[in-house]
Amino acid sequence: MIFVIATLRTTDKNRQQLISASQVCIEATRREDGCLSYDLHQSVSDPNTLVFVERWQDRQALEAHFATPHLSVWRATARPLVVDKNVEIIRPEAIETL
């Protein structure tokens, strides 16, 4: 099993639009083979910080996710709404930062 922790920073102006756009992607992702969980959290200390916490069966399932149409649409929609991001892929043997 691997985890993905994706931390996104947005602005007051764009926050709700980013959350709304994420909901479509979240629902589609949860139906993917190999997706064990896929959740979006909002920081209690900074409402403009959003954190995706994902659990995947294996790297193959994650790579398949990266190629899905719904993720491509989400990325195109989210790109102008995100001011900073950090993505970590956590495997038993290493942490990879994208």
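Refer to the preceding data block for the structure.
Residues numbered from 1 in each chain as written. Predicted model: local features only at pLDDT ≥ 70, side-chain atom pairs only at ≥ 80, totals over all residues. Heavy atoms only, no water.

### Some details on the overall build of the protein
Then, number 1: A tally of helices and strands in the protein yields three helices and five strands.
Then, number 2: Reading the protein from its N terminus to its C terminus gives the helix and strand order β-α-β-β-α-α-β-β.
Then, number 3: Scaling as 2.2 N^0.38, a compact globule of 98 residues should have a C-alpha radius of gyration of about 13 Å, and the protein matches this with 13 Å.
Then, number 4: A principal-axis box enclosing the C-alpha atoms of the protein has dimensions of 35 × 25 × 20 Å.
Then, number 5: Every one of the 98 residues in the protein was classed for burial, and the buried ones make up 37%. (Helix = DSSP H or I, 4+ residues; strand = E, 2+ residues; numbered from the N terminus. Rg over C-alpha atoms; globule rule 2.2 N^0.38 Å. Buried < 20%, exposed > 50% of the residue type's maximum accessible area, 1.4 Å probe, protein only.)

### Points about helix 2 (residues 59-66)
Then, number 1: Looking at helix 2, one finds that the buried residues are Ala61, Leu62 and His65. All buried residues of helix 2 fall inside an arc of 100 degrees around its axis, so they share one side.
Then, number 2: Looking at the buried side of helix 2, the elements it contacts are strand 1 (2-9), helix 1 (15-30), strand 2 (35-42), strand 3 (49-56), helix 3 (69-78) and strand 4 (84-91).
Then, number 3: For helix 2, the N-terminal cap is Asp58; the gap from its side-chain oxygen to the backbone nitrogen of Gln60 is 3.3 Å. (Arc of directions from axis to C-beta. Contact = heavy atoms within 4.5 Å. Polar contact = N/O pair within 3.5 Å; in protein donor to acceptor, adjacent residues only side chain to side chain.)

### Overview of the pattern of salt bridges
Then, number 1: Evaluation of the coordinates by the stated rule reveals seven salt bridges.
Then, number 2: Measuring nitrogen to oxygen at the nearest pair gives 3.2 Å for the salt bridge that ties Asp12 to Arg15.
Then, number 3: Residue Glu63 pairs with Arg59 through a salt bridge whose shortest N-O separation is 2.8 Å. Of this pair, Glu63 and Arg59 both sit in helix 2, four residues apart, which is roughly one turn of that helix. (Salt bridge = Lys/Arg side-chain N within 4 Å of Asp/Glu carboxyl O.)

### Some words on the sheet that holds strand 3
Then, number 1: On the basis of which strands lie adjacent, the open sheet formed by five strands has the order 2-3-1-4-5 and antiparallel pairing. The open sheet has two edge strands, strand 2 and strand 5 (94-97), and neither has a second partner. Recorded for the sheet is a direction-independent mean angle of 15 degrees between the axes of neighbouring strands.
Then, number 2: The pairing of strand 1 with strand 4 spans seven bridges and is classified as antiparallel. When the sheet's bridge partners are listed, Arg9 is paired in strand 4 with Asp84.
Then, number 3: Helix 1 rests against strand 1, strand 2 and strand 3 of the sheet, and its axis sits at about 170 degrees to strand 2.
Then, number 4: On the sheet, helix 2 packs against strand 1, strand 2, strand 3, strand 4 and strand 5 and is oriented at approximately 130 degrees with respect to strand 3. (Pairing = 2+ DSSP bridges. Axes fitted to C-alpha atoms, helices over the stretch in contact; angles between N-to-C directions.)

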